[in-house]
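The lines below spell out each chain.
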Amino acid sequence: MNWDDTTSEAPAAERLVGAAADGEDQAVEAALRPKDLGEFIGQERVREQLDLVLRAARARGATADHVLLSGAPGLGKTTLSMIIAAEMGAPIRITSGPAIQHAGDLAAILSSLQDGEVLFLDEIHRMSRPAEEMLYMAMEDFRVDVVVGKGPGATAIPLELPPFTLVGATTRAGLLPPPLRDRFGFTAHMEFYEPAELQRVVHRSAHLLDVSVEEPGAAEIAGRSRGTPRIANRLLRRVRDYAQVKADGLITQEVAAAALRVYEVDERGLDRLDRAVLKALLKLFGGGPVGLSTLAVAVGEERETVEEVAEPFLVREGLLARTPRGRIATPAAWAHLGLTPPAAPGGSGQQGQQGLFGT
């Protein structure tokens, strides 16, 4: 069990199938998080590589190399950072890139670290540039220069730091500058989960939450979780509520399917916003191409909401494609909504295409 994006009525973070964590998610995740690599489900390649890094560091009696974890929200980056600290027998300090706006903020954190401590820096790509440049020296030489005073009279005072391990997490690794990326000794990209792995996540979480779930019920939840453990846990809690009120508390396939219909999450994990985007694209614009701004107006959402919240999953599922001419629907989108694509002009058999001479 591991983890770490609407409609016009609810922000992205409040979507049932959104990967961002709200207050309830954070509280539940704290209780469900695995404590070591042996409990961590999925990410086999990352787990194996990380296990070697940590074991070697313990054998040398040294701090572990700096670790960079990249991947979509909800896949387990925060959990892995806590496991790294636990495996090394070290305390962990958690902060985020947006919280560090000045080099002095970072200097205050670094100067208070203990020997061997793990510093988890979430959304590291959003850190300010002055703090980022200070981090270069801290990661490489375990030293920072604190500037005292201003103007010609300013003095740089070198400050030695105890050895520490920085664990950086990012959802957008491409925004990290190469000098920062190169200072990480181990880099791992976390992939979306397979349904079978999410079933194991659901079963583990159900056991910890004292919820009875049958194998088909767990499979139903896992198949609608968009490859993300955090979403699987959230759907499990909502299905649990339905089972307690409408059934006898046991989560069967029928109960899970009925519960998720109530919450408007379909069999592929699409919610109301996802389906609204597809319906507008298919019914109003014949499958496209259509511009992003036009599509956003048609569904009554902001352009950024459609582009950043709905589109990534639709593209990953092969239901929508981004082209230079605009957004277009794929044949899978027509099939998913049970609609028939319009006949192509000239009887060519291809949507929106026609022979050069109309034949």
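Colleague: Please clarify how the overall build of the protein should be interpreted in this entry.
Modeller: Within the protein one finds 14 helices and eleven strands. Taken across its 359 residues, the protein has 47% of its residues classed as buried. Approximately 16700 Å² of the protein is accessible, and the part contributed by carbon and sulfur atoms is 52%.

Colleague: Is there a simple way to explain the sheet that holds strand 7 (residues 186–189) in this structure?
Modeller: In a beta sheet, neighbouring strands pair by backbone hydrogen bonds and run either parallel or antiparallel. As summarised here, the arrangement of the five strands in space is 2-3-6-1-7, forming an open sheet in which the pairing is parallel. Two strands lie at the open edges of the sheet, namely strand 2 (92–96) and strand 7, each paired on one side alone. In this sheet, neighbouring strand axes are inclined to one another by 15° on average, regardless of whether the strands run parallel or antiparallel. Direction of pairing for strand 1 (residues 67–70) relative to strand 7: parallel, over a ladder of four bridges.

Colleague: Is there a simple way to explain the pattern of salt bridges in this structure?
Modeller: Going through the model one piece at a time under the given rule, you end up with 16 salt bridges. The salt bridge partner of D241 is R238, with a shortest N-O separation of 2.9 Å. A residue pair is termed a helical-turn pair when its members lie 3 or 4 positions apart in one helix, as D241 and R238 do in helix 9 (residues 229–246) at three residues. By relative accessible area, R238 is classed as buried at 14%. Three or more residues are tied together by salt bridges with common partners; here these are R238, R240 and D241.

Colleague: Hey, could you run me through the packing of helix 11 (residues 272–284) against helix 13 (residues 303–316) in this one?
Modeller: The packing of two helices is summarised by the inter-axis angle and the distance between the axes. Direction vectors running N to C along helix 11 and helix 13 enclose 90°, while the axes themselves pass 10 Å from each other. With respect to each other, helix 11 and helix 13 are oriented roughly perpendicular. Residues L273, D274, V277 and L278 of helix 11 pack against T305, V306, V309, A310 and L314 of helix 13. Across the contact of helix 11 with helix 13, the residue classes tally to seven nonpolar, one polar and one charged.

Colleague: Explain helix 4 (residues 103–111) to me, please; I cannot follow it from the model alone.
Modeller: Given 3.6 residues per helical turn, the α-helix brings residues three or four places apart onto the same face. For helix 4, the full list of buried residues reads A103, L106, A107, I109 and L110. Projected down its long axis, helix 4 shows its buried positions confined to an angular sector of 165°, all on one face.

Colleague: Just checking my understanding: could you explain the nonpolar core for this structure?
Modeller: In globular proteins that are soluble, nonpolar side chains generally tend to be buried together. One finds L50, L80, I221 and I251 to be the most contacted residues of the largest nonpolar core, which totals 46 residues. Top element by residues in this core is helix 9. It accounts for seven residues. By size, the runner-up hydrophobic cluster in this structure holds 25 residues, among which are L68, L119, L135 and A138.

Colleague: Would you explain the environment of V239 in this entry?
Modeller: Relative to the elements of secondary structure, V239 occurs in helix 9. A relative accessible area of 0% means that V239 is categorised as buried. In the structure, V239 is positioned 24 residues away from Y263 in sequence and 9.2 Å away in space, judged by C-alpha atoms.

Colleague: It is not clear to me how the environment of L16 should be interpreted in this structure. Could you clarify?
Modeller: You can see L16 is positioned in the segment before helix 1 (23–32). Sequence separation between L16 and R234 is 218 residues; the distance between their C-alpha atoms is 7.0 Å. Those residues in contact with L16 that lie beyond four places of it in its chain are I231, R234, L235, R238, Y263 and V265.

Colleague: Looking at this model, I keep getting lost on the packing of aromatic side chains. Mind explaining?
Modeller: Note on aromatic pairs: each is described by the distance of the centres and the angle between the planes. One pass over the full model with this rule turns up one aromatic pair. Look at F142 and F164: their rings are 5.5 Å apart centre to centre, the planes differ by 80°, and that puts the pair in the edge-to-face class. Separated by 22 residues along the polypeptide, F142 in the loop between helix 5 (129–141) and strand 4 (143–148) and F164 in the loop between strand 5 (155–160) and strand 6 (165–170) bring together distant segments of the chain. On the basis of relative accessibility, which here comes to 1%, the residue F164 falls in the buried class.

Colleague: It is not clear to me how the side chain of H125 should be interpreted in this structure. Could you clarify?
Modeller: Position of H125 among the secondary structure elements: in the loop between strand 3 (118–122) and helix 5. Accessibility expressed as a relative area gives 15% for H125, which makes it buried. Side-chain polar atoms of H125 contact the side chain of T170, separated by 2.7 Å.

Colleague: Any chance you could explain the confidence of the model for the protein here in plain terms?
Modeller: Note that predicted coordinates carrying low pLDDT should not be read in detail. In this model, the protein carries an average pLDDT of 84, and 85% of its residues clear a pLDDT of 70 or more. Scored below 50 in pLDDT, residues 1–13 makes 65 contacts in the model with residues more than four places away or belonging to other chains. The low-confidence segment residues 346–359 (pLDDT under 50) makes 16 contacts with residues lying over four places distant or belonging to another chain.

Criteria and cut-off values
Residues numbered from 1 in each chain as written. Predicted model: local features only at pLDDT ≥ 70, side-chain atom pairs only at ≥ 80, totals over all residues. Heavy atoms only, no water. Helix = DSSP H or I, 4+ residues; strand = E, 2+ residues; numbered from the N terminus. Buried < 20%, exposed > 50% of the residue type's maximum accessible area, 1.4 Å probe, protein only. Areas by Shrake-Rupley, 256 points an atom, 1.4 Å probe, with all protein chains shown as cover. Pairing = 2+ DSSP bridges. Axes fitted to C-alpha atoms, helices over the stretch in contact; angles between N-to-C directions. Salt bridge = Lys/Arg side-chain N within 4 Å of Asp/Glu carboxyl O. Parallel < 35°, antiparallel > 145°, perpendicular 65-115°, else oblique. Contact = heavy atoms within 4.5 Å. Nonpolar A, V, L, I, M, F, W, Y, C, P; charged D, E, K, R; others polar. Arc of directions from axis to C-beta. Core = buried A, V, L, I, M, F, W, Y, C linked by side-chain atoms within 4.5 Å. Phe/Tyr/Trp six-rings, centres within 6.5 Å; stacked < 30°, edge-to-face > 60°. Polar contact = N/O pair within 3.5 Å; in protein donor to acceptor, adjacent residues only side chain to side chain. pLDDT = per-residue confidence, 0-100.

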